[in-house]
Amino acid sequence: MSNLKQMVLDYGKVYPGNVLKVDSFLNHQIDPHVIKSIENDFYQYFKNKGITKVLTIESSGIAPALMVAYRFDVPMLFAKKALPSTIKSEDKYETLVHSYTKNTSSNVFISKEYLDKDDKVLIIDDFLANGEAAAGLADLIEQSGAETVGIGICIEKSFQPGRERLEKAGYDVYSTCRIKSLGDGKIEFYE
Ligand code: 5GP
């Protein structure tokens, strides 16, 4: 069993609405060893895709995305949830994303400066539920003319529709930990 799966079993807490809380090692306090332990899985799966950039969304995606970008030796870019005054409105790509955990929709942005039509982009995020965040990031990539070459997820809740939605849209989805069920507060994995 991978380090991440073991940590999910030992420290993950199931909350109402099929929310898994992993604040002690991934979402609030971050254990670099756990992230380091899955970075190689992403690298092995996507290493022949010619990746030039890793894209995530703030804030929980940043830590795993940075570690993966370091391994691929490419920059990591994250979509921002608030538009800083330093990015002019005509200089950004923008898309609407619904937040699973907050149940609100908001626009996220990236500066046009950092995505080029020749980029081959790997999306990395901490969780996959309904696929909103990943689909929004893929939309930002499409606006730039770049290519989404894959979507890497740390913890996929496979009983929710995110993977199916992304695969139907043609994306290659790879997850390091796939949860089959959170029923009765019990965490069950695939395999
Ligand atoms: P999606 O956009 O696929 O519906 O949901 C993924 C996003 O919502 C992730 O970026 C993550 O921050 C958050 N999320 C979804 N489900 C969970 C969960 O069970 N636990 C935590 N901690 N975050 C989640």
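About the cut-offs
- Note that residues are indexed from 1 along each chain, following the sequence as it is written.
- Where totals are concerned, whole chains, interfaces and linings use all residues; where local detail is concerned, this predicted model gives features only for residues with pLDDT of at least 70, and gives and counts side-chain atom pairs only at 80 or more.
- pLDDT expresses, on a scale from 0 to 100, how confident the predictor is about each individual residue.
- The numbering of helices and of strands both runs from the N terminus, where a helix is a DSSP run of H or I of at least 4 residues and a strand a run of E of at least 2.
- Given a helix with a known number of residues, its expected span is that number minus one, times 1.5 Å.
- Any residue with 12 or fewer other C-beta atoms within 10 Å of its own C-beta is exposed, any with 20 or more is buried, and the rest are partly exposed; the C-beta atoms used are placed from the backbone.
- Each residue gets a C-beta atom placed from its backbone, and two residues are in contact if those atoms lie within 7 Å.
- At least two DSSP bridges between two strands are needed for those strands to be called paired.
- With the strands pointing away from the viewer, any crossover whose connection runs clockwise from the first strand over the helix to the second is right-handed.
- UniProt positions are given in the numbering used here, feature names are shortened, and annotations may be inferred rather than shown by experiment.

**Remarks on the confidence of the model for the protein**
Per-chain confidence: the protein averages 96 in pLDDT, with 100% of residues scoring 70 or above. Scoring the predicted complex yields pTM 0.98 and, for the interface, ipTM 0.99.

**A word on helix α3 (residues 32-46)**
Helix length check: α3 (15 residues) gives 21 Å between terminal C-alpha atoms against 21 Å at 1.5 Å per residue, within 8%. Taken residue by residue, α3 has Val34, Ile35, Ile38, Glu39, Phe42 and Phe46 as its buried positions. On its buried face, α3 sits against α1 (3-11), α2 (23-27), α4 (62-72), β7 (120-128), β8 (147-157) and β9 (173-181).

**Quick notes on the pairing of β8**
Summarising burial for β8: nine of the eleven residues are buried, a large majority. Of the pairings in the sheet, the one linking β7 to β8 comprises eight bridges and is parallel in character. Paired with Ile123 across the two strands is Ile151, which belongs to β8. Crossover connection from β7 via helix α5 (residues 132-144) to parallel β8: handedness right-handed. Pairing of β8 with β9 involves six bridges; the strand directions are parallel. Bridge assignment links Lys157 to a residue of β9, and that residue is Ile179.

**Some words on the environment of Gln143**
Within the secondary structure layout, Gln143 lies in helix α5. Sequence spacing of Gln143 and Leu115 is 28 residues, and the spatial spacing of their C-alpha atoms is 9.5 Å.

**Structural notes on the pairing of β7**
Burial analysis of β7 places eight of its nine residues in the buried class, which makes it a mostly covered element. In terms of strand pairing, strand β3 (residues 53-57) meets β7 through three bridges, oriented parallel. The residue bridging Lys53 from the neighbouring strand is Val121, located in β7.

**Section: unusual backbone geometry**
Cis geometry is found at the peptide bond from Glu58 to Ser59, where omega equals 0°. Its place among the elements puts Ser59 in the loop between β3 and α4. With a phi angle near 60°, Asp73 is a residue other than glycine that sits in the positive phi range.

**So, the UniProt feature "binding site: xanthine" (unreviewed entry) in the protein**
Residues annotated by UniProt as "binding site: xanthine" (unreviewed entry) correspond here to Leu20, Asn27 and Lys157. The topology assignment puts Leu20 in strand β2 (residues 19-21). Owing to 18 C-beta atoms within 10 Å, Leu20 belongs among the partly exposed residues under this scheme. Residues within four places of Leu20 in sequence aside, it is in contact with Gly12, Val14, Ile155 and Leu182. By the element assignment, Asn27 lies in helix α2. If we ignore the near neighbours within four places in the chain, the residues touching Asn27 are Val22, Ser60 and Asp126.

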